[in-house]
Amino acid sequence: MSANPDMISPIKLHKELARLWDTPPGWGRFSAVNHTVLGKRFIIAAFVFFSIGGVLAMLIRAQLATSGSAFVGPEIYGQIFTMHGSIMMFLFAIPMFEGFAIYLLPKLLGARDMAFPRLTAFGFWCYIFGGSILIVAMLAGVAPDGGWFMYTPLNSGVYSPGINADVWLLGITFVEISALSAAVEIIVSVLKLRAPGMSIDRMPIMAWYLLITAFMMLFGFPPLILGSVLLELERAFDLPFFDPTRGGDSLLWQHLFWLFGHPEVYIIFLPAAGAISMMIPTFARHELVGYRTIIVAVIAVAFLSFGLWVHHMFTVGIPHLALSFFSAASGLVAIPTAIQIFAWIATIAHGRPRFDVPMLYLGGFFVVFIIGGLTGVMLAMVPFNFQAHDTHFVVAHMHYVLVGGFVFPMLAAAYYWLPHFTGRTSDHRLSVPAFWMIFGGFNLTFFLMHLTGLLGMPRRVETYPMEAKWDWLNLVSSIGGFIMAIGFALFVLDIVVQARFGMPARRNPWQARTLEWATATPPTSYGFASLPLIEDRADRLDPEKLGPALARGDGYLGFTRNGWMETLGVDMVTARPTEVVVLPRSTFLPLWTALAIGSFVLCLLFKFYWLSLLPVAVVVVLFLMWAAATGNREDTPPLDIGHGQSAEVHWQVERPPSWWAMTFTLAADGVVVTSLIFSALFLRVVAPDWPPATAAAAPTAALALAVIASIAAAAAGRFGVGRLKAGASPIAAQAACLLLHVVALAALAAGLAGIDDATRHAQAAMLAAVLGLAALHVAIGIIFAGFGLWRAANGYVSPRRSLDLRIGGLWHDATAVIVLVCVVSGVLLALAAGGEVW
Amino acid sequence: MRAHRSIDLPLVAAGFTIWSIGFVAVYGVLSLGCAAGWDTVPVLGPVTLQRAILVALSLGTAAATAAVTLLLARRRPAATGQGGPTDFLRIVAFYTAVAATASVLFTFSGVAVLSSCVP
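Model, not experiment: these values are computed from the prediction. (Residues numbered from 1 in each chain as written. Chains lettered and ligands numbered in written order. Predicted model: local features only at pLDDT ≥ 70, side-chain atom pairs only at ≥ 80, totals over all residues. Heavy atoms only, no water.)

Undergrad: Just give me the short version of the overall build of chain B, but keep the residues and values in it.
TA: A tally of helices and strands in chain B yields three helices and two strands. Counting from the amino terminus, helix and strand elements in chain B follow one another as α-β-β-α-α. A compact globule built from 119 residues should have a C-alpha radius of gyration of about 14 Å, whereas chain B, at 18 Å, is more than 25% larger. Taken over the C-alpha atoms alone, chain B extends approximately 60 × 20 × 20 Å along its principal axes. With 119 residues in all, chain B has 45% of them scored as buried. Here the analysis covers contacts within chain B between residues at least 6 apart in sequence; of these, 75% occur between residues at least 24 apart. (Helix = DSSP H or I, 4+ residues; strand = E, 2+ residues; numbered from the N terminus. Rg over C-alpha atoms; globule rule 2.2 N^0.38 Å. Buried < 20%, exposed > 50% of the residue type's maximum accessible area, 1.4 Å probe, protein only. Contact = heavy atoms within 4.5 Å.)

Undergrad: If you had to explain the interface of chain A and chain B to someone new, which residues and values would you point to?
TA: In this complex, chain A contributes 34 residues to the contact, which on the side of chain B involves 37 residues. For the pairing of chain A and chain B, the buried interface totals around 3,100 Å² over both sides, and the portion due to carbon and sulfur atoms is 83%. Looking at the side of chain A facing chain B, the largest losses of area belong to Arg292, Leu321 and Phe325 of chain A, adding up to 23% of the total buried there. Counting every contact that joins chain A to chain B gives zero salt bridges. Between the two partners, chain A and chain B, sit two residue pairs in polar contact (both at pLDDT 80 or more). At the level of elements, helix 8 (291–304), helix 9 (320–332) and helix 19 (657–686) of chain A are the ones that each hand at least two residues to the side of chain A that touches chain B. Each residue belonging to the side of chain A that touches chain B can be placed in one class, and the counts come to 24 nonpolar, seven polar and three charged. (Buried area = accessible area lost by both parts, 1.4 Å probe. Salt bridge = Lys/Arg side-chain N within 4 Å of Asp/Glu carboxyl O. Polar contact = N/O pair within 3.5 Å; in protein donor to acceptor, adjacent residues only side chain to side chain. Nonpolar A, V, L, I, M, F, W, Y, C, P; charged D, E, K, R; others polar.)

Undergrad: How would you sum up the sheet that holds strand 3 (residues 639–642) of chain A? Please name residues and give values.
TA: Each strand in a sheet pairs with another by means of backbone hydrogen bonds, the pair being arranged parallel or else antiparallel. Residues and elements named next belong to chain A. Strand order in this open sheet of four strands is 1-2-4-3, and the pairing throughout is mixed. At either margin of the open sheet sits one strand with a lone partner, and together these are strand 1 (565–570) and strand 3. Direction aside, neighbouring strands of the sheet carry axes that sit 45° apart on average. Across three bridges, strand 3 lies against strand 4 (residues 645–649) in antiparallel orientation. Its bridge partner lying in strand 4, glycine 642 is registered against glutamine 645. Relative to the sheet, helix 5 (residues 164–192) contacts strand 1 and strand 2 (577–583), its axis offset from that of strand 1 by approximately 75°. (Pairing = 2+ DSSP bridges. Axes fitted to C-alpha atoms, helices over the stretch in contact; angles between N-to-C directions.)

Undergrad: Describe the packing of helix 5 of chain A against helix 6 (residues 205–237) of chain A, with residues and values.
TA: All names here are of chain A. For the pair helix 5 and helix 6, the least separation of the axes is 8 Å and the interaxial angle reads 155°. Classed by the angle they form, the pair helix 5 and helix 6 counts as roughly antiparallel. Crossing of helix 5 against helix 6: the hand is left-handed. Class assignment for the residues of the contact of helix 5 with helix 6 results in 24 nonpolar, two polar and four charged. (Parallel < 35°, antiparallel > 145°, perpendicular 65-115°, else oblique. Left-handed = near helix turned anticlockwise from the far one by under 90°.)

Undergrad: Go over the pairing of strand 4 of chain A, please, and point to the residues and values.
TA: Residues and elements named next belong to chain A. Where strand 2 meets strand 4, two bridges bridge the pair, whose relative direction is parallel. If you follow valine 580 over to strand 4, its bridge partner there is valine 649. Where strand 3 hands over to strand 4, the hairpin turn is made up of two residues, of which histidine 643 adopts a positive phi near 55°.

Undergrad: Report on helix 4 (residues 117–139) of chain A, specifying residues and quantitative values.
TA: For helix 4 of chain A, spanning 23 residues, the distance from its first C-alpha to its last is 33 Å, which sits close to the expected 33 Å at 1.5 Å a residue. Backbone geometry just after helix 4 of chain A places glycine 141 of chain A at a positive phi near 80°. (Expected span 1.5 Å × (residues − 1).)

Undergrad: An account of the side chain of arginine 806 of chain A is requested, with residue identities and associated values reported.
TA: All names here are of chain A. Tracing the backbone shows arginine 806 in helix 23 (residues 803–832). By relative accessible area, which is 10% here, arginine 806 ends up buried. Here valine 653 takes part through its backbone oxygen, which lies 3.0 Å from a polar atom of the side chain of arginine 806. With near-sequence residues (within four places) excluded, arginine 806 lies in contact with Val653, Glu654, Trp659, Val721 and Lys725.

Undergrad: Can you tell me about unusual backbone geometry, naming the residues and giving the values?
TA: Residue and element names in this part refer to chain A. Of the consecutive residues threonine 152 and proline 153, the connecting peptide bond is found in the cis state with omega at 5°. Within the fold, proline 153 resides in the loop between helix 4 and helix 5. In the segment running from threonine 521 into proline 522, the intervening peptide bond is cis, with an omega of -5°. Summarising the element assignment, proline 522 is placed in the loop between helix 15 (471–501) and helix 16 (543–551). Of note, the phi angle at arginine 285 is positive, near 55°, even though the residue is not glycine. According to the relative accessible area criterion, arginine 285 is partly exposed, its value standing at 41%. Residue aspartate 390 is not a glycine yet carries a positive backbone phi of 60°. With respect to the element layout, aspartate 390 can be found in the loop between helix 12 (382–388) and helix 13 (392–422).

These figures capture arrangement, not role.
As structure tokens, then:
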């Protein structure tokens, strides 16, 4: 151990840190948990999926180039356009932003890694396996073919009997695990793993954007996950949630999907806007104008974007008043979006702008995104929306927003951060013609598509008659599409050439003033040899001076000890150091866990339902191995962090990153529960064929026992923590917690068994779903309680090391509330449907 | 630098959280009212039970965001210079609440006049 920065040379410090933080070679690469490695892998994988989606787009344009085309038939065309949309939304845009966030965030914040490196790796493997399932299905000719938003009843079992829709529902849900884990990790990393002194008013603007976006993901993805699970349950077990002949409603799917789907647009745009807010000040040579105003605007966009979802459903038969709410919110969101655009323009206007390739691509962003925004305001107006609904005008608008709001900024970001990724400079020979081909080709393709749409061409049709007179517009669109594709090919070639043959770059080639440029380029695995003390806003720094000083070990934690991978945890607001966060070393566990979940998904896909329980058991065991690998059997004294300061190790503080991660996970879980109860209420109020002729009954006594046992389990868990902190053994209380959960599970199982036929009507199906969700929480509570018992019995807890039990306690508390809410909802569902309560 | 309280950070979302709750409540009650036939129950001249409840909910949401805005205005520092993270958060919370109040008024502006249920 070497704990004195004065005793160690920068080279030795580098070697010691690299020994701890580097990813092992060979097969060990599969055990990578490092954010730099995984960020790059995310980005490369997302670009591979983007290329596949792009090839599919070319096939679409080839098919639509002329009327009456026989290039591909309607069945294949359905798969092509469905996969194009699904790949671009779920396998390209979100993972690409995740990759950028994972790669950049710790470097922007002055940390050595993300808060949960194993979760990063787990999310990556879930993404790869989930995406691969979709691609393999496409190659096998059984890709989803019912549209990327999977409307029912088209995608219900009756009209889509093959496994095509199951591939989407299971594969995309698998990928969404990656998105949710990234959301939790980004939130905790931004709030807890900043450099000392980087108080919340000094954070780089991109950290604000990513923080707010991650919260949107936390609340936006659960409704889609729930919808996907319900639709898969309908397809697999005939539970009629979306079947209007048995009390379901296809509009429920639309609500759940678009509750996710519209925030998704902003989830994609805001990280790109964060990147724009980083690049423009660098090239304008002026700090960002309106830093605080932009934060207010982004918060407003985040909330308002959750009030727009019904504008995708304006034509389904909704009261005028309801239309007005969503129309107003849809128009309103343009204001905070415009505030950001004006702030960027003001930054350029106040500065001494210099022109370079990233700015060229940002120019493309301004033009394309603003056109997309304006057509968005047009579509927000109900009368126009009625006219343009489901036409190619909407397709054109969507591409202007997403390509303008994400692809152009990401291309700019690629050129901006390429010297950071590779340590090489751009020579710009191909980037300019690539831009003009992409920009020109894009506008040729999609601007004309507005006109095609206004002439009445519906979206998703595989062909059209010559009499429609849409031929020349479509032909020119197709030519534009191929020009754009050539532009992207040039971009790839340019990046490869620069990465391979570019001239070595000096540190901070753009003279940026943010912290990521204080690392070596390309960065080392640990990012910073020592962590900086930030004394000004994080976009007013001097990376040229800061970098060498940090490499010398002049900052915090400029040493190694105990073979630990350490970074600092700070107070969320003031960034005062509060704990030393010890991060896990490289491990294959994330890979094995994702493989086990992949096996579970494949079992469901091929309808081996009983066999699927085996990988579930493996997943539980593997997750327990994750948890078992952390912690300590002895109390650790406060640790030196440098600069004459000390801090506790993270498992000995009250609210370390893992405590917050559980809290935010439970927030997302709460959205799942709320969405399910909303679904039950929606069906009761809106769906036809209610109340059912024979309603399913709710066994009140058993359900009341479940509630009482769950509350008692939570109380026992809390009691155990209290005893531990008082110096007594928590084992008896933990055992009681476990037993009470078992009682609650048995009671809920009795309640579920009381539903004689859940396929008869949506009321019974919904009752089963509500009680099943409660039972799932209790079952996980058993695992938490059992793990707590094992940790207590083996000396991993003490009055100073109560974290394991307190994290379990969060779950037990939440479970008590969820069981109560689910049981009350179930009883009301039975009563409201005229069912018995016995 | 002013000492911060743990509430300062979540308060930046206070205004729009109320907007969200109001939005869900008004939209939910609109659906419930249509299903229950409240739009055919007169309470005062041409004003139906449905309309009265929706207007009351909208005004209540506006009043709540306005009240939060006023409370946050009191917490806002007098000067907007380099006041540290607490002052920064309080200013952001205030302006976000102002935006939320304006959003409530605009979003629910049709509640008094537009037809509330599909005939």
